[in-house]
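Residue-level structure breakdown
Here are the chains, one letter per residue:
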Amino acid sequence: MIERIWSGQSPLYLLLLPLSWLYGLVSGIRQLCYRAGWLKRWKAPCPVVVVGNLTAGGNGKTPVVIWLVEQLQAKGLRVGVVSRGYGGRSEHYPLLLDKETSTAQAGDEPVLIYQRTGATVAVAPKRSDAVKAILKHAAIDVIITDDGLQHYALARDIELVVVDGVRRFGNGWWLPAGPMRERAGRLRSVDAVITNGGQAAAGEIPMKLAGSTLVNIQTGDRCAADSLMPAVAMAGIGHPPRFFATLNQLGTTVTNCVAFADHQEYDAAALNALTPESQPLIMTEKDAVKCRKFAQSNWWYLPVSAEIPSEQGNELLTKITTLVLEKH
(Lines give C-alpha, C1' and ligand atoms only; values in the text may rest on other atoms or scores of the structure.)
Protein backbone atom coordinates (compact mmCIF):
# COMPACT_ATOMS: atom_id res chain seq x y z
CA MET A 1 0.00 0.00 0.00
CA ILE A 2 2.74 2.48 0.92
CA GLU A 3 4.39 1.93 -2.46
CA ARG A 4 1.11 2.82 -4.22
CA ILE A 5 0.72 5.94 -2.10
CA TRP A 6 4.29 7.12 -2.59
CA SER A 7 4.25 6.41 -6.31
CA GLY A 8 1.11 8.51 -6.77
CA GLN A 9 -1.01 5.56 -7.87
CA SER A 10 -3.26 5.97 -4.84
CA PRO A 11 -4.97 9.30 -3.97
CA LEU A 12 -4.65 8.46 -0.26
CA TYR A 13 -1.48 10.56 -0.18
CA LEU A 14 -3.76 13.63 -0.16
CA LEU A 15 -4.89 12.74 3.36
CA LEU A 16 -1.28 12.76 4.54
CA LEU A 17 -0.29 16.09 2.99
CA PRO A 18 -0.75 18.15 6.18
CA LEU A 19 1.79 15.93 7.94
CA SER A 20 4.13 16.26 4.95
CA TRP A 21 3.91 20.05 5.08
CA LEU A 22 4.79 19.93 8.78
CA TYR A 23 7.73 17.61 8.02
CA GLY A 24 8.94 19.97 5.28
CA LEU A 25 8.59 23.02 7.53
CA VAL A 26 10.57 21.49 10.38
CA SER A 27 13.22 20.18 7.97
CA GLY A 28 13.54 23.57 6.26
CA ILE A 29 13.88 25.46 9.56
CA ARG A 30 16.54 23.01 10.71
CA GLN A 31 18.56 23.43 7.50
CA LEU A 32 18.28 27.23 7.81
CA CYS A 33 19.62 27.09 11.37
CA TYR A 34 22.72 25.21 10.22
CA ARG A 35 23.29 27.48 7.22
CA ALA A 36 22.99 30.57 9.42
CA GLY A 37 25.34 29.12 12.01
CA TRP A 38 22.72 29.09 14.79
CA LEU A 39 23.30 25.35 15.06
CA LYS A 40 26.91 24.26 15.02
CA ARG A 41 28.51 21.60 12.82
CA TRP A 42 31.45 19.48 13.97
CA LYS A 43 34.32 19.44 11.46
CA ALA A 44 36.55 16.35 11.29
CA PRO A 45 40.31 16.80 10.73
CA CYS A 46 40.12 14.55 7.65
CA PRO A 47 37.82 14.67 4.61
CA VAL A 48 34.28 13.38 5.13
CA VAL A 49 32.27 11.94 2.25
CA VAL A 50 28.54 11.48 2.79
CA VAL A 51 26.71 8.83 0.76
CA GLY A 52 23.00 9.42 1.24
CA ASN A 53 19.66 9.69 -0.47
CA LEU A 54 16.66 11.95 -0.68
CA THR A 55 14.06 9.20 -0.32
CA ALA A 56 13.18 6.56 2.24
CA GLY A 57 13.70 2.97 1.15
CA GLY A 58 16.45 1.06 -0.56
CA ASN A 59 18.26 2.92 -3.32
CA GLY A 60 21.52 0.96 -3.42
CA LYS A 61 23.40 3.25 -1.06
CA THR A 62 25.34 0.55 0.81
CA PRO A 63 26.83 -1.01 -2.38
CA VAL A 64 28.06 2.49 -3.31
CA VAL A 65 29.71 2.84 0.11
CA ILE A 66 31.42 -0.54 -0.36
CA TRP A 67 32.54 0.44 -3.87
CA LEU A 68 34.01 3.70 -2.58
CA VAL A 69 35.83 2.02 0.30
CA GLU A 70 37.31 -0.69 -1.91
CA GLN A 71 38.39 1.76 -4.62
CA LEU A 72 40.02 4.13 -2.13
CA GLN A 73 41.72 1.25 -0.33
CA ALA A 74 43.13 0.11 -3.69
CA LYS A 75 44.72 3.56 -3.96
CA GLY A 76 46.43 3.05 -0.62
CA LEU A 77 44.12 5.23 1.48
CA ARG A 78 43.08 4.33 5.00
CA VAL A 79 39.29 4.51 5.09
CA GLY A 80 36.90 4.68 8.02
CA VAL A 81 33.13 4.23 7.79
CA VAL A 82 30.51 5.64 10.15
CA SER A 83 26.83 4.78 10.36
CA ARG A 84 23.80 5.41 12.52
CA GLY A 85 23.57 1.62 12.93
CA TYR A 86 19.84 1.49 12.30
CA GLY A 87 18.25 -1.69 13.65
CA GLY A 88 21.03 -2.35 16.16
CA ARG A 89 21.09 -1.78 19.91
CA SER A 90 24.45 -1.54 21.60
CA GLU A 91 25.05 -1.28 25.33
CA HIS A 92 27.32 1.65 24.60
CA TYR A 93 28.08 4.16 21.85
CA PRO A 94 30.16 4.81 19.89
CA LEU A 95 30.64 1.16 18.96
CA LEU A 96 33.71 0.08 16.98
CA LEU A 97 32.99 -3.09 15.04
CA ASP A 98 35.14 -6.21 15.27
CA LYS A 99 34.75 -9.82 14.15
CA GLU A 100 32.47 -10.59 17.10
CA THR A 101 30.09 -7.68 16.61
CA SER A 102 26.58 -8.87 15.79
CA THR A 103 23.92 -7.26 13.64
CA ALA A 104 21.78 -7.03 16.79
CA GLN A 105 24.42 -4.67 18.21
CA ALA A 106 25.47 -2.65 15.16
CA GLY A 107 22.73 -3.13 12.56
CA ASP A 108 22.98 -5.15 9.36
CA GLU A 109 24.51 -2.59 6.99
CA PRO A 110 27.56 -1.69 9.15
CA VAL A 111 28.32 -5.39 9.70
CA LEU A 112 28.01 -6.06 5.96
CA ILE A 113 30.38 -3.17 5.16
CA TYR A 114 32.87 -4.34 7.77
CA GLN A 115 32.84 -7.93 6.51
CA ARG A 116 33.14 -6.95 2.85
CA THR A 117 35.86 -4.30 3.17
CA GLY A 118 37.75 -4.84 6.43
CA ALA A 119 37.62 -1.08 6.96
CA THR A 120 37.41 0.48 10.41
CA VAL A 121 33.66 0.89 11.04
CA ALA A 122 31.93 2.65 13.93
CA VAL A 123 28.27 3.30 14.72
CA ALA A 124 26.65 5.91 16.93
CA PRO A 125 23.41 7.92 16.92
CA LYS A 126 25.59 11.03 16.81
CA ARG A 127 27.86 10.47 13.83
CA SER A 128 30.55 12.86 15.05
CA ASP A 129 31.02 10.54 18.05
CA ALA A 130 31.57 7.63 15.65
CA VAL A 131 34.13 9.66 13.67
CA LYS A 132 36.01 10.62 16.85
CA ALA A 133 36.10 6.97 17.94
CA ILE A 134 37.57 5.90 14.60
CA LEU A 135 40.21 8.64 14.62
CA LYS A 136 41.18 7.72 18.17
CA HIS A 137 41.46 4.04 17.20
CA ALA A 138 43.39 4.26 13.91
CA ALA A 139 45.18 6.56 11.49
CA ILE A 140 42.57 7.41 8.86
CA ASP A 141 42.82 9.39 5.61
CA VAL A 142 39.12 9.72 4.78
CA ILE A 143 35.77 9.02 6.42
CA ILE A 144 32.80 7.65 4.48
CA THR A 145 29.45 8.09 6.16
CA ASP A 146 26.81 5.52 5.23
CA ASP A 147 23.65 7.64 5.00
CA GLY A 148 23.55 10.89 6.97
CA LEU A 149 22.84 13.36 4.16
CA GLN A 150 20.30 14.99 6.48
CA HIS A 151 22.59 14.73 9.56
CA TYR A 152 23.82 18.31 9.26
CA ALA A 153 25.55 18.33 12.65
CA LEU A 154 28.48 16.60 10.93
CA ALA A 155 30.28 18.84 8.43
CA ARG A 156 31.09 17.16 5.14
CA ASP A 157 33.44 17.84 2.26
CA ILE A 158 31.65 15.83 -0.43
CA GLU A 159 27.99 14.85 -0.75
CA LEU A 160 26.91 11.95 -2.96
CA VAL A 161 23.25 11.11 -3.48
CA VAL A 162 22.12 7.68 -4.68
CA VAL A 163 18.87 7.65 -6.66
CA ASP A 164 16.73 4.68 -7.65
CA GLY A 165 16.68 5.09 -11.41
CA VAL A 166 13.35 3.27 -11.78
CA ARG A 167 11.31 4.72 -8.93
CA ARG A 168 13.08 8.11 -8.87
CA PHE A 169 11.16 10.35 -6.42
CA GLY A 170 7.66 8.87 -6.54
CA ASN A 171 5.00 11.55 -6.11
CA GLY A 172 7.66 14.03 -4.98
CA TRP A 173 6.17 14.80 -1.57
CA TRP A 174 7.86 14.78 1.81
CA LEU A 175 7.24 11.94 4.25
CA PRO A 176 4.72 10.54 5.03
CA ALA A 177 2.62 11.47 1.96
CA GLY A 178 5.59 10.70 -0.27
CA PRO A 179 9.04 9.14 -0.01
CA MET A 180 11.05 12.37 0.18
CA ARG A 181 13.30 13.29 3.09
CA GLU A 182 14.23 16.42 1.15
CA ARG A 183 12.79 17.75 -2.09
CA ALA A 184 14.47 17.01 -5.42
CA GLY A 185 15.89 20.53 -5.65
CA ARG A 186 18.48 19.46 -3.07
CA LEU A 187 20.31 17.65 -5.89
CA ARG A 188 21.54 21.00 -7.18
CA SER A 189 23.77 21.42 -4.12
CA VAL A 190 25.40 17.96 -3.98
CA ASP A 191 28.68 16.94 -5.61
CA ALA A 192 27.37 13.96 -7.58
CA VAL A 193 24.18 12.01 -8.21
CA ILE A 194 24.61 8.26 -8.71
CA THR A 195 21.64 6.59 -10.39
CA ASN A 196 21.06 2.93 -9.64
CA GLY A 197 19.43 1.24 -12.63
CA GLY A 198 16.86 2.76 -14.92
CA GLN A 199 17.91 5.74 -17.02
CA ALA A 200 20.35 8.26 -15.58
CA ALA A 201 19.42 11.87 -16.26
CA ALA A 202 21.86 14.35 -17.76
CA GLY A 203 24.77 14.96 -15.38
CA GLU A 204 24.07 11.86 -13.28
CA ILE A 205 26.48 8.95 -12.89
CA PRO A 206 24.88 5.65 -14.02
CA MET A 207 25.32 2.62 -11.81
CA LYS A 208 24.18 -0.96 -11.84
CA LEU A 209 24.36 -3.79 -9.34
CA ALA A 210 26.15 -6.85 -10.68
CA GLY A 211 26.28 -10.37 -9.31
CA SER A 212 25.60 -13.84 -10.67
CA THR A 213 27.15 -16.26 -8.19
CA LEU A 214 25.32 -17.61 -5.17
CA VAL A 215 27.23 -18.33 -1.94
CA ASN A 216 26.17 -20.93 0.59
CA ILE A 217 25.92 -19.22 3.97
CA GLN A 218 26.96 -22.31 5.93
CA THR A 219 29.80 -23.69 3.80
CA GLY A 220 30.90 -20.83 1.53
CA ASP A 221 30.39 -23.00 -1.57
CA ARG A 222 29.57 -21.14 -4.76
CA CYS A 223 27.36 -21.87 -7.74
CA ALA A 224 25.71 -20.06 -10.64
CA ALA A 225 22.45 -18.31 -9.81
CA ASP A 226 20.55 -20.30 -12.44
CA SER A 227 21.74 -23.70 -11.17
CA LEU A 228 19.60 -23.87 -8.02
CA MET A 229 15.98 -24.52 -8.93
CA PRO A 230 13.28 -24.41 -7.96
CA ALA A 231 14.08 -22.05 -5.10
CA VAL A 232 12.38 -19.74 -2.62
CA ALA A 233 13.58 -16.13 -2.49
CA MET A 234 13.39 -13.75 0.46
CA ALA A 235 14.51 -10.19 1.06
CA GLY A 236 14.37 -7.82 4.02
CA ILE A 237 15.66 -4.69 2.29
CA GLY A 238 14.25 -1.28 1.39
CA HIS A 239 12.88 -2.44 -1.98
CA PRO A 240 12.58 -6.25 -2.18
CA PRO A 241 11.12 -6.33 -5.73
CA ARG A 242 14.51 -5.23 -7.09
CA PHE A 243 16.16 -8.35 -5.65
CA PHE A 244 13.45 -10.65 -6.97
CA ALA A 245 13.74 -9.06 -10.42
CA THR A 246 17.50 -9.61 -10.34
CA LEU A 247 17.05 -13.33 -9.69
CA ASN A 248 14.58 -13.50 -12.55
CA GLN A 249 17.06 -11.79 -14.88
CA LEU A 250 19.73 -14.29 -13.86
CA GLY A 251 17.49 -17.20 -14.86
CA THR A 252 16.79 -18.47 -11.35
CA THR A 253 13.54 -20.43 -11.09
CA VAL A 254 11.79 -19.03 -8.01
CA THR A 255 8.51 -20.55 -6.86
CA ASN A 256 7.84 -18.07 -4.06
CA CYS A 257 9.09 -14.58 -3.23
CA VAL A 258 8.80 -13.47 0.39
CA ALA A 259 9.33 -9.81 1.30
CA PHE A 260 10.20 -8.76 4.84
CA ALA A 261 10.54 -5.31 6.38
CA ASP A 262 13.87 -3.56 5.98
CA HIS A 263 16.30 -4.48 8.80
CA GLN A 264 14.04 -7.39 9.80
CA GLU A 265 15.43 -9.69 12.48
CA TYR A 266 15.15 -13.41 11.72
CA ASP A 267 15.12 -16.73 13.54
CA ALA A 268 15.77 -20.22 12.22
CA ALA A 269 12.22 -21.50 12.73
CA ALA A 270 10.59 -18.71 10.72
CA LEU A 271 12.98 -19.09 7.80
CA ASN A 272 12.87 -22.89 7.83
CA ALA A 273 9.10 -22.60 7.45
CA LEU A 274 9.64 -20.94 4.07
CA THR A 275 11.16 -24.13 2.65
CA PRO A 276 9.20 -27.09 4.09
CA GLU A 277 10.65 -29.40 1.44
CA SER A 278 14.22 -28.11 1.98
CA GLN A 279 14.24 -26.18 -1.29
CA PRO A 280 17.12 -23.74 -1.73
CA LEU A 281 16.44 -20.47 0.08
CA ILE A 282 18.06 -17.48 -1.62
CA MET A 283 18.46 -14.15 0.17
CA THR A 284 20.40 -10.90 -0.09
CA GLU A 285 23.84 -10.51 1.45
CA LYS A 286 22.36 -7.98 3.84
CA ASP A 287 19.97 -10.68 5.08
CA ALA A 288 22.75 -13.29 5.21
CA VAL A 289 24.85 -11.38 7.74
CA LYS A 290 21.96 -11.75 10.20
CA CYS A 291 21.59 -15.49 9.60
CA ARG A 292 25.14 -16.87 9.79
CA LYS A 293 24.88 -18.24 13.33
CA PHE A 294 21.85 -20.40 12.54
CA ALA A 295 22.23 -20.91 8.78
CA GLN A 296 21.01 -24.15 7.22
CA SER A 297 22.75 -26.06 4.45
CA ASN A 298 20.10 -25.01 1.90
CA TRP A 299 20.49 -21.26 2.52
CA TRP A 300 22.27 -19.14 -0.08
CA TYR A 301 22.84 -15.45 -0.72
CA LEU A 302 23.61 -13.37 -3.80
CA PRO A 303 26.44 -10.88 -3.27
CA VAL A 304 26.23 -7.86 -5.58
CA SER A 305 28.66 -5.06 -6.31
CA ALA A 306 28.18 -1.58 -7.68
CA GLU A 307 29.50 -1.03 -11.20
CA ILE A 308 30.20 2.56 -12.23
CA PRO A 309 31.65 3.65 -15.60
CA SER A 310 35.40 4.02 -15.23
CA GLU A 311 35.63 7.60 -16.51
CA GLN A 312 33.03 9.01 -14.13
CA GLY A 313 34.16 6.76 -11.31
CA ASN A 314 37.77 7.92 -11.68
CA GLU A 315 36.70 11.57 -11.67
CA LEU A 316 34.89 11.01 -8.39
CA LEU A 317 37.82 9.15 -6.84
CA THR A 318 40.27 11.82 -8.00
CA LYS A 319 38.16 14.49 -6.31
CA ILE A 320 38.31 12.57 -3.03
CA THR A 321 42.02 11.72 -3.20
CA THR A 322 42.83 15.35 -4.02
CA LEU A 323 41.02 16.43 -0.84
CA VAL A 324 43.04 13.93 1.16
CA LEU A 325 46.30 15.27 -0.26
CA GLU A 326 45.24 18.84 0.52
CA LYS A 327 44.51 17.88 4.14
CA HIS A 328 48.00 16.39 4.46
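Residues numbered from 1 in each chain as written. Predicted model: local features only at pLDDT ≥ 70, side-chain atom pairs only at ≥ 80, totals over all residues. Heavy atoms only, no water.

Spatially, nine strands are ordered 3-4-2-5-1-6-7-8-15 in an open sheet, and the strand pairing comes out mixed. Edge positions in the sheet fall to strand 3 (95-96) and strand 15 (305-307), since each has one partner strand and no second. In terms of strand pairing, strand 1 (residues 48-52) meets strand 6 (residues 158-164) through four bridges, oriented parallel. Bridge assignment links V50 to a residue of strand 6, and that residue is E159. (Pairing = 2+ DSSP bridges. Helix = DSSP H or I, 4+ residues; strand = E, 2+ residues; numbered from the N terminus.)

So, about the side chain of D287. Within the secondary structure, D287 is located in helix 9 (residues 285-288). Among buried charged residues, D287 stands out as having no salt bridge; its nearest opposite-charge side chain is K290, 4.1 Å away. Of note is the side chain of D287, whose polar atom sits 2.8 Å from the side chain of T284. Leaving out residues up to four positions away in the same chain, D287 has contacts with M234, A235, G236 and Y266. (Buried < 20%, exposed > 50% of the residue type's maximum accessible area, 1.4 Å probe, protein only. Lys, Arg positive; Asp, Glu negative; His and termini not counted. Salt bridge = Lys/Arg side-chain N within 4 Å of Asp/Glu carboxyl O. Polar contact = N/O pair within 3.5 Å; in protein donor to acceptor, adjacent residues only side chain to side chain. Contact = heavy atoms within 4.5 Å.)

Turning next to a nonpolar patch on the surface. Judged by side-chain polarity, L22, L25, V26 and I29 come together as a nonpolar surface patch covering roughly 380 Å² of accessible area. In this fold, V26 is placed in helix 2 (residues 13-36). (Patch = residues over 30% accessible without salt bridge, like charges linked within 9 Å, V, L, I, M, F, W, Y side chains within 5 Å. Areas by Shrake-Rupley, 256 points an atom, 1.4 Å probe, with all protein chains shown as cover.)

We now examine the pairing of strand 11 (residues 231-235). Burial runs high along strand 11: five of the five residues are buried. Covered by surrounding structure in strand 11 are A231, A233 and A235 together with V232 and M234, the residues of both alternating faces. Inspection of the sheet shows strand 11 paired to strand 12 (residues 254-259) by five bridges, in the parallel sense. Directly across from A235, in strand 12, lies its bridge partner A259. Crossover strand 11 to strand 12 through helix 7 (residues 240-249) is right-handed. (Right-handed = clockwise from strand over helix to strand, strands pointing away.)

Here we take up the UniProt feature "binding site: ATP" (unreviewed entry) in the protein. In the UniProt entry, the feature "binding site: ATP" (unreviewed entry) is given for T55, A56, G57, G58, N59, G60, K61 and T62. Of note, T55 is situated in the loop between strand 1 and helix 3 (61-74). Exposure remark for T55: the relative accessible area of 4% places this residue in the buried category. Leave out the neighbours within four places in its chain, and T55 touches R168, F169, P179, M180 and R181. (UniProt positions renumbered as here; feature names shortened; annotations may be inferred.)

Before going further, it helps to spend a moment on the nonpolar core. Ranked by size, the top nonpolar core spans 39 residues in total, and within it L68 and I144 carry the most contacts. The leading source of residues in this core is helix 3, at seven residues. Once you skip the residues sitting within four places of it in the chain, L68 turns out to touch V49, V51, I144, L160, L317 and I320. In terms of nonpolar packing, the next biggest core, distinct from the first, is built from 22 residues, A130, I134, V161 and V190 among them. (Core = buried A, V, L, I, M, F, W, Y, C linked by side-chain atoms within 4.5 Å.)

What follows is about the packing of aromatic side chains. According to the stated counting rule, one finds five aromatic pairs in the structure shown. Judged by centre distance (6.2 Å) and plane angle (40 degrees), the ring pair of Y34 and Y152 falls under tilted. One end of the pair, Y34, is in helix 2; the other, Y152, is in the loop between strand 5 (142-146) and strand 6, and 118 residues separate them in sequence. Across the pair, exposure class does not vary: Y34 and Y152 are buried alike. Their ring planes at 55 degrees and their centres at 6.1 Å tell us that F243 and F244 sit as a pair that is tilted. Of the two residues examined, F243 and F244, each falls in the buried class. When the ring centre of W173 is taken as origin, the NZ or CZ atom of R183, which lies over that ring, is 5.0 Å away. Sitting over the ring of W174, R183 keeps its end group 4.8 Å from the ring centre. (Phe/Tyr/Trp six-rings, centres within 6.5 Å; stacked < 30°, edge-to-face > 60°. Lys NZ or Arg CZ within 6 Å of the ring centre and 35° of its normal.)

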